[in-house]
Amino acid sequence: MVIKMKKGQILEGIVQRVDFPNKGIVETEEGICVVKNTLPGQRVKCSVNKARKGKAEGRLLEVIEPSFLEIESPCPHFGICGGCTYLSLPYEEQLVIKEQQVKKLLDTALAEQSDYRFEGIRPSPVCFGYRNKMEFSFGDEVKDGPLSLGMHKRGSFYDIVSVTECQIVDEDYRKILKCVRDYFAALQEQDVPVQFYHRLRHTGYLRHLLVRKAAKTGEILIALVTTTQIPEQSAGGFSEAAMLEGLKDALLALPLRGKLAGILHTKNDSVADVVQSDETEILYGEDYFFEELLGLKFRISPFSFFQTNSLGAEVLYQTARDYIAGSAADKVVFDLYSGTGTIAQLMAPVAKKVIGVEIVEEAVESARKNAELNDLHNCEFLAGDVLKVLDTIEEKPDMIILDPPRDGVHPKALHKIIRYGVEQILYISCKPTSLVRDLEAFLGNGYVVEKAVAVDMFPFTGNVEVIIKMQYCGKEKN
């Protein structure tokens, strides 16, 4: 007899598998319950949050027995910090899980097309210290506790864990994080009224610390992000300018392996918990740094998009280039959602012309400068929403490359892209579920998937990139 599951019920069971992005499928005596932050093979206890029609979603309460796959985590913050999911699994097992997740999604979406070729998953060249960008948040780990600077606590919007031993960044990040946290904690001990921004009350000064470091050049860019709620001067006349000058001096004194390219102060008064710039002041150096990918040089500004794993990006983009090798010759290629123009410039040497479209103006400006830097003269970059900009471009594409944000392509933009009827489309996705949703429109309008591959750009996390190559074989249905 199947027992009906209900909200608040406590269940025990074995995690059979983990579906993308982080959905542990737990088999219990009462039925299947989906529980996040679990690993295949674990015996877990969970509390049911939702239950409907024999299916349930639950919250992890306890891991009763570890998975037979697990090893000791190399990071002391694992399980507390919400940044990593698979840190207690050998890397080879992480790849198996992600490959199976992607194949399952694609096989389901392409149920009527059994002849597409799935080429498995390509690993990241490095697993530890691979990130070239981190956004740390100021806060406290417990209410009214000491100042923290790091990542959100797992399952919490407010609590911040100081991740001083984080393993997905290198030692320079850890030194910078500790330096900044200790600097402001010391000021607080001196009764300087510098507080973190409270996300509920919308009061406070310290918001985020943005750190970017190039894997190839070693250049580092640091941005302290605050509100304009400037702390009042202390009795000794301590000003914001003096405070920022002191922070700059502390950072410049750090024994770093990389080279500081710039230290910035960014002001952000947005109510939303996002890292953005209303105004940026240079405290030291420049407001950009340089990175190299596949023989090209890229100038990167603080908030422009660039793949967060530089060495993994080389695998991703080389794979993309291989997928259309020979096909782009003497053709006009649209690179939609082009960011800082990385893909466009990698394709430019083999194409007649590449036109990149990107909504972030700062990224477009960087793309133009990067094209000049790399002596590429057949690239054009346009700023604006893909949905609107496509109506203004007179040239028609022979090939389209899509690299949209996590939510995928806007449905109206998707229709415009399909109407071009280009022979080949290359879709690079950082969220496979968005990809398979968009695939439905392509498959319904004459496109077939020729081949697909997963690329692991984010070791230890539940995220994975996917590249698919589509061929046009018929006419539109609408």
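Before going into details, it helps to say that this report is about the structure given with it. (Residues numbered from 1 in each chain as written. Predicted model: local features only at pLDDT ≥ 70, side-chain atom pairs only at ≥ 80, totals over all residues. Heavy atoms only, no water.)

With respect to the pairing of strand β8 (residues 147-152)
Filter applied, for reference: Here, a strand pair is defined by DSSP locating no fewer than two bridges between the strands. Helix and strand labels come from DSSP, where a helix needs a run of H or I of at least four residues and a strand needs a run of E of at least two; each type is numbered from the N terminus.
Sheet topology places strand β7 (residues 133-140) next to β8; four bridges connect them, and they run antiparallel. Among the inter-strand pairings, Asp140 is bridged to a residue of β8, identified as Leu147. What sits between the antiparallel neighbours β7 and β8 is a turn of six residues, in which Asp144 has the positive phi angle 65°.

Regarding the pairing of strand β12 (residues 259-267)
Just so we agree on the cut-off: Exposed residues in this analysis have more than 50% of their type's maximum accessible area, buried residues have under 20%, and partly exposed residues fall in between, with area computed by a 1.4 Å probe over protein chains only.
When you tally the buried positions in β12, you get seven out of nine residues, the bulk of the element. Where strand β11 (residues 219-226) and β12 come together, eight bridges link them in parallel fashion. Bridging from a neighbouring strand, Ile220 pairs with Leu260 of β12. Alignment of β12 against strand β13 (residues 279-285), held across six bridges, turns out to be antiparallel.

Quick notes on the packing of helix α8 (residues 411-419) against helix α9 (residues 432-443)
Convention followed: Only the stretch in contact is used when a helix axis is fitted, and all axes are lines through C-alpha atoms; the angle between N-to-C directions ranges over 0 to 180 degrees. Reported orientations rely on four angle classes, namely roughly parallel under 35 degrees, roughly antiparallel over 145, roughly perpendicular from 65 to 115, and oblique for the rest. Handedness of each helix crossing follows the sense of rotation of the near helix against the far helix: counterclockwise by less than a right angle gives left-handed, clockwise gives right-handed. Only heavy atoms matter for contacts: two residues are in contact if any of them lie within 4.5 Å across the pair. Throughout, the ten residues Ala, Val, Leu, Ile, Met, Phe, Trp, Tyr, Cys and Pro are labelled nonpolar, Asp, Glu, Lys and Arg are labelled charged, and all others, Gly among them, are labelled polar.
Relative to each other, α8 and α9 sit at 40°, their axes nearing to 10 Å. Judged by the inter-axis angle, α8 sits oblique to α9. The hand of the α8/α9 crossing is right-handed. Between α8 and α9, the residues in contact are Leu414, Ile417 and Ile418 and Asp438, Ala441 and Phe442, respectively. Grouping the constituent residues of the contact of α8 with α9 by class yields five nonpolar, no polar and one charged.

Observations regarding the pattern of salt bridges
What counts here: Each reported salt bridge corresponds to a side-chain nitrogen of Lys or Arg within 4 Å of a carboxyl oxygen of Asp or Glu.
Inspection of every chain in the model, using the stated rule, returns 22 salt bridges. The salt bridge partner of Lys103 is Asp107, with a shortest N-O separation of 2.6 Å. Note that Lys103 and Asp107 are positioned in helix α1 (residues 91-109) at a spacing of four residues, about one turn of the helix. With a relative accessible area of 36%, Lys103 lands in the partly exposed category. The salt bridge involving Glu395 is made with Lys353; its shortest N-O contact spans 2.7 Å. Residue Glu395 is found in the loop between α7 (386-389) and β19 (399-402), and its partner Lys353 is found in strand β17 (residues 353-358); the two are separated by 42 residues along the sequence. In this structure Glu395 comes out as partly exposed when scored by relative accessible area, which is 31%.

Quick word on α1
One full turn of an α-helix is made of 3.6 residues, so residues set three or four places apart face in the same direction. For clarity, the cut-off: Multiplying 1.5 Å by the residue count of a helix minus one yields the expected span of that helix. In this context, the arc is that of the directions from the helix axis out to the C-beta atoms.
Over its 19 residues, α1 runs 27 Å from end to end, which matches the ideal 27 Å to within 8%, given 1.5 Å per residue. For α1, the full list of buried residues reads Tyr91, Gln94, Leu95, Ile97, Lys98, Gln101, Val102 and Leu106. Axial view of α1: buried residues confined to an arc of 165°, hence all on one face. Those residues of α1 that are exposed and angled more than 90 degrees off the buried face are Glu92, Gln100 and Thr108. If you follow the buried residues of α1, they end up packed against β1 (10-19), β6 (117-122), α9, β21 (447-455) and β22 (465-472).

Here's the deal with the environment of Lys396
The topology assignment puts Lys396 in the loop between α7 and β19. Along the primary structure Lys396 and Leu60 are separated by 336 residues, whereas in three dimensions their C-alpha atoms are 51 Å apart. In this structure Lys396 touches Val332, Phe334 and Tyr420, once residues within four positions along its chain are discounted.

A look at the state of the cysteines
For the record, the criterion: Whenever a pair of cysteine sulfur atoms sits within 2.5 Å, that pair is classed as a disulfide.
For the structure shown, the criterion picks out zero disulfides. The cysteine Cys430 is free of any disulfide, with Cys84 supplying the nearest cysteine sulfur at 17 Å.

Structural notes on the sheet that holds β19
What links the strands of a sheet is backbone hydrogen bonding, and the strands pair in either a parallel or an antiparallel sense. If you trace the eight strands from one edge of the open sheet to the other, you get β6-β21-β22-β20-β19-β16-β17-β18, paired in mixed fashion. Because the sheet does not close on itself, it has two edges, and the strands there are β6 and β18 (379-383). Direction aside, the axes of adjacent strands within the sheet are offset by 15° on average. Summarising the sheet, β21 and β22 pair through eight bridges and their orientation is antiparallel. When the bridges of β22 are listed, Val449 appears paired with Met470. Of the strands in this sheet, β6, β20 (424-429), β21 and β22 touch helix α4 (residues 310-323), which is tilted by about 155° from β21.

It is worth stressing that arrangement in space is one thing and function is another; only the former is reported here.
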